[in-house]
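Secondary and tertiary structure notes
Residue strings, one per chain:
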Amino acid sequence: MTSMSYTCRLLPTCNETKVSKFLHLIQSSCQLFSTVANSLQFDSWEHRDEEKDVDFNLLFRSCTKLHHVKRLQARLLVSGRAESFFLSRLVNLYAHFGDVSFAEKAFNHIPNKDIYAWNSMVSAYVGNGRFYKTVAFFYELLYASGLRPDCYTIPPVLKACKDIVNGKKVHCSILKMGFEWDVYVGASLINMYSRFGSLEAARMLFDHMPVRDRASWNAMISAYCQNRNGAEALRVVEIMRAEGIRMDAVTIASVLPICAQLDDIVTGKLMHLYAIKCGLEFGLFVSNALIDMYAKLSTLGHARRVFDQMMERDIVSWNSIISAYEQNEDPITARSFFDKMQQAGIGPDFYTLISLSSIVAKFCDYRHARSLHGFIMRRSWCAEEVVIGNAIVDMYAKIGDLDSARAAFEWLHIKDVVSWNTMISGYAQNGLASEAIELYRMMEDCEEMIPNQGTWVSILPAYSHVGALQQGMRTHGTVLKNGLYLDVYIGTCLVDLYGKCGKLDDALSLFHEVPRESSIPWNAMISCLGVHGGGEKALKLFREMLAEGVQPDRVTFVSLLSACSHSGLVSDGQQCFETMQEKYGIKPNMQHYSCMVDLLGRAGHLDKAYSLIKSMPLQPDAAVWGALLAACRLHGNSQFGKYVSDHLFEVESENVGYYVLLSNIYAHIGNRDGVTKVRTSVRDKGLKKTPGWSSIEVNNNVDVFYSGNQTHPKSDEIYEELRALTEKIKTLGYVTDISYVLQDVEEDEKEHILMGHSERLAIAYGIISTPPRNPIRIFKNLRVCGDCHNATKFISKLTEREITVRDSNRFHHFKDGICSCGDYW
DNA sequence: CTAGGGTTAG
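So, how was this worked out
- Residues numbered from 1 in each chain as written.
- Chains lettered and ligands numbered in written order.
- Predicted model: local features only at pLDDT ≥ 70, side-chain atom pairs only at ≥ 80, totals over all residues.
- Heavy atoms only, no water.
- Helix = DSSP H or I, 4+ residues; strand = E, 2+ residues; numbered from the N terminus.
- Buried < 20%, exposed > 50% of the residue type's maximum accessible area, 1.4 Å probe, protein only.
- Contact = heavy atoms within 4.5 Å.
- Pairing = 2+ DSSP bridges.
- Axes fitted to C-alpha atoms, helices over the stretch in contact; angles between N-to-C directions.
- Parallel < 35°, antiparallel > 145°, perpendicular 65-115°, else oblique.
- Left-handed = near helix turned anticlockwise from the far one by under 90°.
- Nonpolar A, V, L, I, M, F, W, Y, C, P; charged D, E, K, R; others polar.
- Phe/Tyr/Trp six-rings, centres within 6.5 Å; stacked < 30°, edge-to-face > 60°.
- Lys NZ or Arg CZ within 6 Å of the ring centre and 35° of its normal.
- UniProt positions renumbered as here; feature names shortened; annotations may be inferred.
- Near = heavy atom within 4 Å.
- Polar contact = N/O pair within 3.5 Å; in protein donor to acceptor, adjacent residues only side chain to side chain.
- Patch = residues over 30% accessible without salt bridge, like charges linked within 9 Å, V, L, I, M, F, W, Y side chains within 5 Å.
- Areas by Shrake-Rupley, 256 points an atom, 1.4 Å probe, with all protein chains shown as cover.
- Salt bridge = Lys/Arg side-chain N within 4 Å of Asp/Glu carboxyl O.
- Lys, Arg positive; Asp, Glu negative; His and termini not counted.
- Charge placed at Lys NZ, Arg CZ, Asp CG, Glu CD.
- Core = buried A, V, L, I, M, F, W, Y, C linked by side-chain atoms within 4.5 Å.
- Arc of directions from axis to C-beta.

**Details of the overall build of chain A**
- On a plain count of helices and strands, chain A comes out with 44 helices and six strands.
- Summarising its shape, the C-alpha atoms of chain A cover approximately 115 × 65 × 55 Å along the three principal directions.
- Per-residue burial for chain A yields a buried fraction of 49% across its 825 residues.
- Considering only intrachain contacts with a sequence separation of at least 6, the fraction spanning at least 24 residues in chain A is 62%.

**Thoughts on the side chain of His-712**
- As for its position among the elements, His-712 is in the loop between β2 (701–706) and α41 (715–731).
- The contact partners of His-712, leaving out residues within four places of it in the chain, are Asp-703, Phe-705, Ile-718 and Tyr-765.

**Digging into the sheet that holds β2**
- Pairing is mixed in the open sheet, where six strands are placed in the order β2-β1-β3-β4-β5-β6. Strand pairing shows two members of the sheet lacking a second neighbour, β2 and β6 (818–819), which therefore form its edges.
- Most of the contacts of helix α44 (residues 786–799) go to strand β5 (residues 811–815), to which it runs at about 35 degrees, and overall it touches β4 (803–806), β5 and β6.

**As for the packing of helix α17 (residues 284–296) against helix α18 (residues 300–309)**
- It is at 7 Å that the axes of α17 and α18 come closest, and there the two elements cross at 165 degrees. One element, α17, and the other, α18, form an angle in the roughly antiparallel class. Viewed along their axes, α17 and α18 form a crossing whose handedness is left-handed. Residues Ser-287, Leu-290, Ile-291, Tyr-294 and Ala-295 of α17 touch α18, and the partners they reach there are Leu-300, His-302, Ala-303, Val-306 and Phe-307.
- The residue makeup of the contact of α17 with α18, split by class, is eight nonpolar, two polar and no charged.

**A few points about the packing of aromatic side chains**
- Within this structure, the stated rule accounts for 27 aromatic pairs.
- Relative to Tyr-584, the ring of Phe-557 lies with its centre 5.9 Å away and its plane at 45 degrees, an arrangement referred to as tilted. In this pair, Phe-557 sits in helix α33 (residues 554–567) while Tyr-584 sits in the loop between α34 (570–582) and α35 (590–602), placing the two residues 27 residues apart along the sequence.
- Given a relative accessible area of 0%, Phe-557 falls into the buried group.
- The lysine or arginine in question, Lys-105, covers the ring of Phe-102, its NZ or CZ lying 4.8 Å from the ring centre.
- Above the plane of the ring of Phe-337 lies Lys-340, whose end atom (NZ or CZ) is 4.4 Å from the centre.

**Overview of the UniProt feature "repeat: PPR" (unreviewed entry) in chain A**
- Those residues carrying the UniProt feature "repeat: PPR" (unreviewed entry) are residues 114–149, 213–247, 314–348, 416–446, 518–552 and 553–588 in this numbering.
- The distance separating the terminal C-alpha atoms of residues 114–149 is 10 Å; by composition the span is 75% helix and 0% strand.
- Taken end to end, residues 416–446 has its terminal C-alpha atoms 11 Å apart, with 84% of it in helix and 0% in strand.

**A word on the protein's contact with DNA strand B**
- Around DNA strand B, 44 residues are found, and the nearest of them are Tyr-116, Asp-213, Asn-218, Asn-390 and Asp-416.
- Within 4 Å of the protein, the contacting atoms of DNA strand B are drawn from sugar and phosphate to the extent of 37%.
- A distance of 3.3 Å separates a phosphate oxygen of DNA strand B from a polar side-chain atom of Asn-191.
- Contact between DNA strand B and Ser-222: a phosphate oxygen at 3.5 Å from a side-chain N or O atom of the residue.
- Taken together, the residues of the surface near DNA strand B sort by class into 21 nonpolar, 15 polar and eight charged.

**Quick notes on the side chain of Ser-188**
- Here Ser-188 shows up in helix α11 (residues 183–195).
- One polar contact links the side chain of Ser-188 to the main-chain carbonyl oxygen of Tyr-184, over a distance of 3.1 Å.
- Setting aside anything within four residues of it in sequence, one finds Ser-188 in contact with Pro-155 and Leu-158.

**Side note on a negative patch on the surface**
- A cluster of acidic residues, Glu-444, Asp-445, Glu-447 and Glu-448, forms a negative patch at the surface.
- Its place among the elements puts Glu-447 in the loop between α26 (433–445) and α27 (453–466).
- Accessibility expressed as a relative area gives 73% for Glu-447, which makes it exposed.

**Brief notes about the nonpolar core**
- Judged by nonpolar contacts, the single largest core of 212 residues is most densely connected at Met-395, Met-525 and Leu-628.
- If one sorts the elements of this core by residue count, helix α37 (residues 622–634) sits on top with nine residues.
- Ignoring any residue separated from it by four or fewer positions in sequence, one finds Met-525 in contact with Val-495, Leu-504, Ala-507, Leu-508, Phe-511 and Leu-541.
- One finds Tyr-740, Ala-762, Ile-795 and Phe-814 within the second-largest nonpolar core, a separate group that totals 33 residues.

**Some remarks on the pairing of strand β1 (residues 693–698)**
- Most of β1 is tucked away, with six of its six residues classed as buried.
- Side chains of β1 alternate between two faces, with Trp-693, Ser-695 and Glu-697 and Ser-694, Ile-696 and Val-698 buried alike.
- Bridge count between β1 and β2: six bridges; the pairing is antiparallel. Within β2, the residue paired with Ser-694 across the bridge is Phe-705.

**Considering a nonpolar patch on the surface**
- Together, Val-266, Leu-270 and Leu-273 give the surface a local cluster of nonpolar side chains, amounting to about 310 Å² of exposed area.
- Its place among the elements puts Leu-273 in helix α16 (residues 265–277).
- For Leu-273, a relative accessible area of 55% gives the class exposed.

**A few points about helix α24 (residues 402–411)**
- Taken together, the buried positions of α24 are occupied by Leu-402, Ser-404, Ala-405, Ala-408 and Phe-409. Angularly, the buried residues of α24 cover 160 degrees about the axis, an arc narrow enough to put them on a single face.
- Packing partners of the buried residues in α24 comprise α22 (366–377), α23 (385–399), α25 (417–429) and α26.

**Things to note about the pattern of salt bridges**
- With the rule as written, the count across this model stands at 21 salt bridges.
- Note that Glu-410 and Arg-406 form a salt bridge whose closest N and O atoms lie 2.7 Å from each other. Of the two residues, Glu-410 and Arg-406 are both situated in helix α24; the distance of four residues between them amounts to about one turn of the helix.
- Put simply, Arg-203, Asp-207, Glu-232 and Arg-235 are held in one network by salt bridges that share partners.

**Topic: the pairing of β5**
- In the sheet, β4 pairs with β5 via four bridges, with the strands oriented antiparallel. Paired with Arg-806 across the strands is Phe-811, a residue of β5.
- The hairpin formed by β4 and β5 contains four residues between the paired strands.
- A loop of two residues connects β5 with β6, the two strands running antiparallel in sequence, and Asp-816 in this loop sits at a positive phi of about 55 degrees.

**Digging into the environment of Val-170**
- Inspection of the secondary structure puts Val-170 in helix α10 (residues 164–177).
- Between the C-alpha atoms of Val-170 and Val-135, which are 35 residues apart in sequence, the distance is 8.8 Å.
- When sequence neighbours within four positions are dropped, the list of residues in contact with Val-170 reads Phe-138, Tyr-139, Val-157, Leu-158 and Cys-161.

**So, the packing of helix α7 (residues 115–127) against helix α8 (residues 131–144)**
- Where α7 contacts α8, the axes come no closer than 8 Å and their chain directions differ by 165 degrees. Comparing their axes, α8 and α7 come out roughly antiparallel. The interaxial crossing formed by α7 with α8 has left-handed handedness. Packed against α7, whose contacting residues are Ile-115, Trp-118, Met-121, Val-122, Tyr-125 and Val-126, the element α8 presents Phe-131, Lys-133, Thr-134, Phe-137, Glu-140 and Leu-141 at the interface.
- A per-class count over the contact of α7 with α8 returns nine nonpolar, one polar and two charged.

**Considerations on unusual backbone geometry**
- The backbone of Ser-298 shows a phi angle near 60 degrees, a positive value even though the residue is not glycine.
- Along the chain, the position of Ser-298 falls in the loop between α17 and α18.
- Its identity as a non-glycine residue notwithstanding, Glu-329 has a phi of 60 degrees, on the positive side.
- For Glu-329, the location among the structural elements is in the loop between α19 (315–327) and α20 (331–343).

Here's what the structure looks like:
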């Protein structure tokens with residue numbers, strides 16, 4: 001207290017922040033003092049014996065604990081003062097401490113229930129989440145009590161309405177009783193309609209209100225905010241201020257989230273400034289909203305400062321700062337805040353667990369994932385159950401444990417659209433496209449599941465991944481029917497689908513229909529041109545992008561650099577790499593470096609590629625060294641290849657693909673010892689090759705072939721066709737290159753292994769299943785094998801078919817014995 | 001003594 005009065009004297013010399021902080025301190029201290037005082041008071045009163053002197057009004061005000069209320073109730077009964085007035089206040093107190101059943105008992109004890117008693121019970125139900133009960137209780141009051149509700153009854157009942165039908169029914173009752181012009185009722189009605197998205201109804205009520213106070217304005221503003229109509233919300237704020245009504249903490253807390261939605265940091269900062277000016281910046285709601293807004297606008301420093309400056313923090317504050325770091329890709333700090341929260345004695349709630357599941361997923365921590373799952377299972381989350389269940393599904397999917405994800409998905413009592421979307425995209429993003437497609441088919445069979453934007457952006461990449469063009473087109477049709485085709489994300493997925501399925505013209509014309517303010521569709525289109533070997537076109541599109549004022553990001557440059565690399569545009573690529581850093585201030589990441597190493601290495605500048613690696617500020621990963629190793633293979637430099645592979649196996653010793661690459665290098669120069677060494681080390685390490693697969697779509701159906709697989713129903717025909725093809729192309733000059741086979745077997749066996757490569761099985765299946773001279777499109781998950789590449793050239797000439805093979809790297813368009821990549825791949 | 005408008009989400 002002494003220090004406080006001292007500070008008071010210093011106050012005139014303080015700046016505004018300090019004054020505002022100080023005022024806040026006084027406020028919260030006052031609350032604390034009065035709570036302590038009341039509590040002491042309760043104890044001193046209770047021990048007095050002379051009952052006639054007891055001032056029950058004072059005792060009611062002194063209850064700070066649930067047991068106070070119970071003792072007070074006993075006292076009331078003993079002194080014969082259990083009248084409606086006091087018992088109703090007991091109901092309020094029990095409700096305040098969260099004990100609904102005691103509130104009900106007290107209510108039932110009331111002899112002649114007046115409207116105040118009923119109102120107290122209504123509030124008791126609402127305040128403790130018994131929404132269904134509240135509405136039923138209201139109708140009991142209306143039809144069975146013989147009493148007339150007053151305007152205190154209505155707002156809590158409106159709050160309890162969980163669907164529009166009930167809401168409208170209550171609205172009717174209000175009209176019949178003539179309460180519609182009460183300010184409190186008005187704000188509640190606006191709020192109710194806004195909850196169900198009926199903004200027109202809300203606005204109509206608002207416009208017709210004869211008296212409006214600040215809460216009415218706030219109700220209208222938050223109605224727009226919560227329905228994501230930020231622009232209209234800000235317009236209402238303007239009108240409100242024009243009418244001379246000041247914004248308060250509620251207005252600010254409502255408007256801040258839309259600043260984040262509209263990506264409008266200027267308005268956000270103005271709101272913050274206004275809050276500082278009015279001394280509202282340390283309010284709990286305002287601070288929490290500020291943290292969230294700054295986090296969403298990726299200005300973590302501001303969010304952190306607001307959090308650090310807070311006088312008191314509640315669970316929302318902690319949740320907001322945790323999710324701030326989680327969403328800005330800093331799971332380590334996020335988790336440290338979670339630890340601090342627990343140290344502060346605050347238990348996790350629904351929102352905390354949602355963030356936590358994302359954090360655990362980012363750590364790829366299977367054990368923590370399981371324990372979090374268990375922790376959640378042991379508690380019931382009622383209405384929030386779906387959301388949290390979906391978060392669990394997503395968590396397992398992100399870790400890559402699709403079996404656990406599917407189990408959690410199946411276990412959900414209620415599945416909503418998001419559950420399905422999460423599971424579908426989980427499969428799709430882990431490369432399990434067939435599972436994603438299968439699940440989407442199941443979803444289509446559930447009539448009550450209406451697919452939405454999230455569904456399309458989950459399923460379209462799966463089609464794109466396996467080249468299911470016909471099914472993708474069917475989905476495109478469904479999207480058009482839903483009127484969603486202009487959505488940037490869906491549009492981009494469709495551009496990607498057509499582009500990746502070889503329909504470059506369709507991709508381009510779609511690209512012109514999609515909104516193009518953001519870099520997302522541009523990046524997709526540039527990448528498509530790149531994989532088709534259209535480096536020049538990609539560069540041209542990039543220039544158009546700049547001319548339209550679209551800001552390129554790091555993804556843009558990844559697409560661009562890889563486009564240059566595929567087309568051998570070395571100097572253009574180098575220039576892009578420089579522009580990216582100098583003009584756009586983007587620091588190159590691992591992907592950019594591996595593109596550059598690929599670009600230089602492919603063109604034969606192995607030394608330049610190597611010195612780029614040496615100059616990297618990051619620790620080069622397997623992709624970077626792998627690109628260089630592939631370049632050594634392309635240019636037949638086995639000595640350097642060995643050196644590079646030593647580095648490569650230091651950072652990644654499990655990927656068989658790289659061993660195959662090294663063995664190819666040795667085999668190509670006839671170094672049998674080298675080949676044997678590589679083979680032995682693969683065997684000793686017990687490594688398994690990533691199963692290679694190729695897919696082809698015939699008659700709306702995608703068939704997937706694995707290497708050496710003979711389980712396909714037409715397997716015999718396929719092998720027969722392949723044998724015949726091989727004989728014929730040999731007469732055209734094809735020579736088998738067995739250096740692509742790692743296995744230690746006889747030469748004719750090697751030939752057989754090459755023949756069983758998935759891409760060849762798919763091509764042969766295409767040939768026997770489609771009419772002569774029809775084009776064939778193949779998808780392969782790995783890079784196409786060099787011998788298969790050569791064989792395909794001959795097959796295209798022999799069968800007079802255009803054969804397109806999209807591998808994990810680029811497009812190969814075979815026509816008349818020539819490949820579009822010019823063997824530069 | 002009882003009532004309205006506000007922050008965090010898959």
